[in-house]
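Commentary on secondary and tertiary structure
Here's the letter readout for the chains.
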Amino acid sequence: MAAPPDMELSPALSLELLPTDPLLLILSFLDYRDLVSCCYLNRRLNQLSSHDPLWKRHCKKYWLISEEEKARRNQGWRAIFISTYSDLGRYIQYYATLKKAWDDLEQYLGQWCPRMIGSLKESVREEDLDAVEAQIHCKLPDDYRCSFRIHNGQKLVVPGLMGSMALSNHYRSEDLLDIDTAAGGFQQRLGLKQCLPLTFCIHTGLSQYMALESVEGRNKYEIFYQCPDQMARNPSAIVMFITGTSYLEWFTSYVNKVVTGGYPIIRDQIFRYVHDKDCVATTEDITVSVSTSFLPELSSVHPPHYFFTYRIRIEMSKDALPENICQLESRYWRITNAKGDVEEVQGPGVVGEFPVISPGKVYEYTSCTTFTTTSGYMEGYYTFHCLSNKDRFFNVTIPRFHMVCPAFKVSTA
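Labelled according to an unreviewed UniProt entry, the chain appears under the name FBX3 protein, originating from Toxostoma redivivum. Quoted verbatim from the Pathway (unreviewed entry) field of the UniProt record, the comment on the chain reads "Protein modification; protein ubiquitination."

Another aspect to go through is the environment of Thr282. Counting through the fold element by element, Thr282 comes out in strand S10 (residues 274–283). Sequence separation between Thr282 and Gln154 is 128 residues, and the spatial gap between their C-alpha atoms is 42 Å. A polar contact of 2.9 Å, which involves the side chain of Thr282, links it to the side chain of Thr287.

Their axes nearest at 10 Å, the elements helix H8 (residues 95–112) and helix H13 (residues 247–259) cross at an angle of 30°. On the basis of the axis angle, H8 is roughly parallel to H13. For H8 against H13, the interelement crossing comes out left-handed. Every residue of H13 that contacts H8 at Thr97, Leu98, Ala101, Trp102, Asp104, Leu105 and Tyr108 is listed here: Tyr247, Leu248, Phe251, Thr252, Val255, Val258 and Val259. Its residues assigned to classes, the contact of H8 with H13 shows eleven nonpolar, two polar and one charged.

Turning next to the pattern of salt bridges. Inspection of the entire model under this criterion finds 29 salt bridges. Between Arg145 and Asp130 there is a salt bridge; the shortest N-O distance is 2.9 Å. Of this pair, Arg145 sits in helix H11 (residues 142–150) while Asp130 sits in helix H10 (residues 126–136), and the two are 15 residues apart along the sequence. For Arg145, a relative accessible area of 0% translates into the label buried.

By way of backbone hydrogen bonds, the strands of a sheet pair with one another, either parallel or antiparallel. Strand order in the open sheet made by the four strands is S10-S11-S12-S16, with antiparallel pairing throughout. Each edge of the open sheet carries a strand with a single partner, namely S10 and strand S16 (362–371). Taken pair by pair, the neighbouring strands of this sheet meet at an average axis angle of 20°, ignoring direction. Both strand S11 (residues 286–294) and strand S12 (residues 306–316) contribute to a ladder of nine bridges, which runs antiparallel. Along S12, the bridge assignment pairs Ser293 with Thr309.

Extensive coverage of S12 is indicated by the burial of nine of its eleven residues. Bridge analysis of S12 against S16 gives ten bridges, and the strand direction is antiparallel. Paired with Tyr310 across the two strands is Ser367, which belongs to S16.

Another aspect to go through is the nonpolar core. Grouped together as the largest cluster of nonpolar side chains are 62 residues, with contacts concentrated most on Leu140, Tyr144, Leu161, Tyr247 and Phe251. Ranked by residues supplied to this core, first place goes to H8 with seven residues. Composition of this core by domain shows at least three residues from each of domain 1 (18–90) and domain 2 (96–260). Apart from residues lying up to four places away in sequence, Leu140 is in contact with Leu129, Val132, Glu133, Arg145, Ile179, Leu196 and Leu212. By size, the runner-up hydrophobic cluster in this structure holds 37 residues, among which are Phe241, Cys279, Ile312 and Ala320.

All right, on to helix H5 (residues 56–63) then. Within H5, burial applies to His58, Cys59, Tyr62 and Trp63. All buried residues of H5 lie within an arc of 100° about the axis, which places them on one face of the element. On its buried face, H5 sits against helix H3 (32–38), helix H7 (77–88) and H8. Within two residues after H5, Leu64 carries a phi angle of roughly 55°, on the positive side.

With an omega of 5°, the peptide bond between Val158 and Pro159 qualifies as cis. Relative to the helices and strands, Pro159 resides in the loop between H11 and strand S1 (164–167). In this structure, Gln194 is a non-glycine residue whose phi angle is positive, near 60°. Secondary-structure assignment places Gln194 in the loop between helix H12 (179–184) and strand S3 (195–197). Given a relative accessible area of 16%, Gln194 falls into the buried group. A positive phi is found at Arg267, a non-glycine position, where the angle reads about 50°. Within the element layout of this structure, Arg267 appears in the loop between strand S8 (265–266) and strand S9 (269–270). In this structure Arg267 comes out as exposed when scored by relative accessible area, which is 60%.

The next thing to look at is the packing of aromatic side chains. The tally for this structure, following the rule as stated, stands at 28 aromatic pairs. Measuring from ring centre to ring centre gives 5.2 Å for Trp55 and Phe81, while their planes differ by 45°; the resulting arrangement is tilted. With Trp55 in the loop between helix H4 (43–49) and H5 and Phe81 in helix H7, this pair connects stretches of sequence that are 26 residues apart. Of the two residues, Trp55 and Phe81, both sit in the buried class. Connected via pairs of aromatic rings, a cluster forms that spans Tyr32, Trp55, Tyr62, Trp63, Phe81, Tyr85 and Tyr95.

Procedures and definitions
Note that residues are indexed from 1 along each chain, following the sequence as it is written. Thresholds applied to this predicted model are a pLDDT of at least 70 for local features of residues and 80 or more for the giving and counting of side-chain atom pairs; totals over whole chains, interfaces and linings are not thresholded and use all residues. Processing note: side-chain calculations cover all non-hydrogen atoms of the structure and skip hydrogens and water entirely. UniProt positions are given in the numbering used here, feature names are shortened, and annotations may be inferred rather than shown by experiment. By the criteria applied, helices consist of DSSP H or I runs no shorter than four residues and strands consist of E runs no shorter than two, each listed in order from the N terminus. For the purposes of these results, a polar contact is taken to be a pair of N or O atoms within 3.5 Å, where, inside protein, one atom must be able to donate a hydrogen and its partner to accept one; residues adjacent in sequence count only when each atom of the pair is a side-chain atom. Note on geometry: axes are C-alpha line fits, over the in-contact stretch for helices, and angles between N-to-C directions span 0 to 180 degrees. An angle below 35 degrees is read as roughly parallel, one above 145 as roughly antiparallel, one from 65 to 115 as roughly perpendicular, and any other as oblique. Each crossing is labelled by how the near helix is turned from the far one, with a counterclockwise turn of less than a right angle marking it left-handed and a clockwise turn marking it right-handed. Contacts were defined at the residue level, with two residues in contact if any of their heavy atoms lie within 4.5 Å. Three residue categories are used. Nonpolar comprises Ala, Val, Leu, Ile, Met, Phe, Trp, Tyr, Cys and Pro, charged comprises Asp, Glu, Lys and Arg, and polar comprises the others, including Gly. In the sections that follow, a salt bridge refers to a side-chain nitrogen of Lys or Arg positioned within 4 Å of a carboxyl oxygen of Asp or Glu. Three exposure classes are used, based on accessible area relative to the maximum for each residue type with a 1.4 Å probe and protein chains only: buried under 20%, partly exposed in between, and exposed over 50%. Note on pairing: DSSP must find at least two bridges between two strands before they are called paired. Nine residue types can take part in a nonpolar core, namely buried Ala, Val, Leu, Ile, Met, Phe, Trp, Tyr and Cys, and a core is a set of them joined through side-chain atoms within 4.5 Å. Boundary definitions for the domains trace back to an automatic or database domain assignment. Read the arc as the range of directions from the helix axis to the C-beta atoms. Any two of the Phe, Tyr and Trp rings considered here, Trp counted by its six-membered ring, make a pair once their centres fall within 6.5 Å; the pair's planes then place it as stacked at under 30 degrees, edge-to-face at over 60, or tilted in between.

Right, dumping it as structure tokens:
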């Protein structure tokens, strides 16, 4: 049977006959890999996929290239993408995330901790990272390498980029190690075999390590604080408090906590106190809030001794009447561990002080506690007396706040 007349008159569909604008619109939805593949299909697609504006989205998505940066380089979008890919292509799945984290951190430090900016080191070259791998005979994960292509950690200074912690007789400030210092501290000894230090505290000697291989009970690329097992006869027996499952997760989660104000800035330093927004109580004109932190360097699993520090903020509303000025007289604590065991503590003042609270004034102090269980909580109240009427005493609620030890595991060395 003969074909219908309309089919006989229809010309064969050809890519060459399709208009350019719809094709460019279709290509604009493709990922860079597919866009490159189009270059090899035919001449028309090769020409279209080389259209410079198509590469603008990929430059911004993968390399965070701005219009200003493009103008400075005096190159087209496609040329910028190709040249950057030739240098950083192996890190394309990590680069944008880590670059944004570093950019956000630098911007935040510039505003709140400006002297820390000067401690950051410039990026390293690919051959420097390759040389370190040859030196330690282990492969570095690509997310770690990518971060060091942006910043080579920091100088060994105080304060450290990775946060501080201070008590009356204890101070910790962790630096993010540069690649050469980290390689110099690479461990091959029993208990820490094939572990690379990421941070270091000059005062305590404490480091966070990254496991470069799955040995001695560790997962590959797991990040942890090491804690000696004080009850083991073998000095290489350690307990590991886990702080991250990969470098990308570990670093970006820390930066996010910093730049969103999750950690307080005290004396131009980042203090690693975690504040629960629900952990706030207001009594009359006085608000009490609490943030907490776990200290691995003062803790032990065997024997069980988990050390926590907490920071209390006491603030009187700025709208309070002047006659409401009052002074803290005493404190009462009810401390409960994970087994339900309760301890009650009562005494004068706080940390040896009897602060006066007036409208708009804030008083903060730091203290600590220990548990024989991996978690526990505290609650209680402060007793104040009114300075304008010394016969008037009242209690101010301290909200219940929980303290939980991070996940840990014992080395199988």
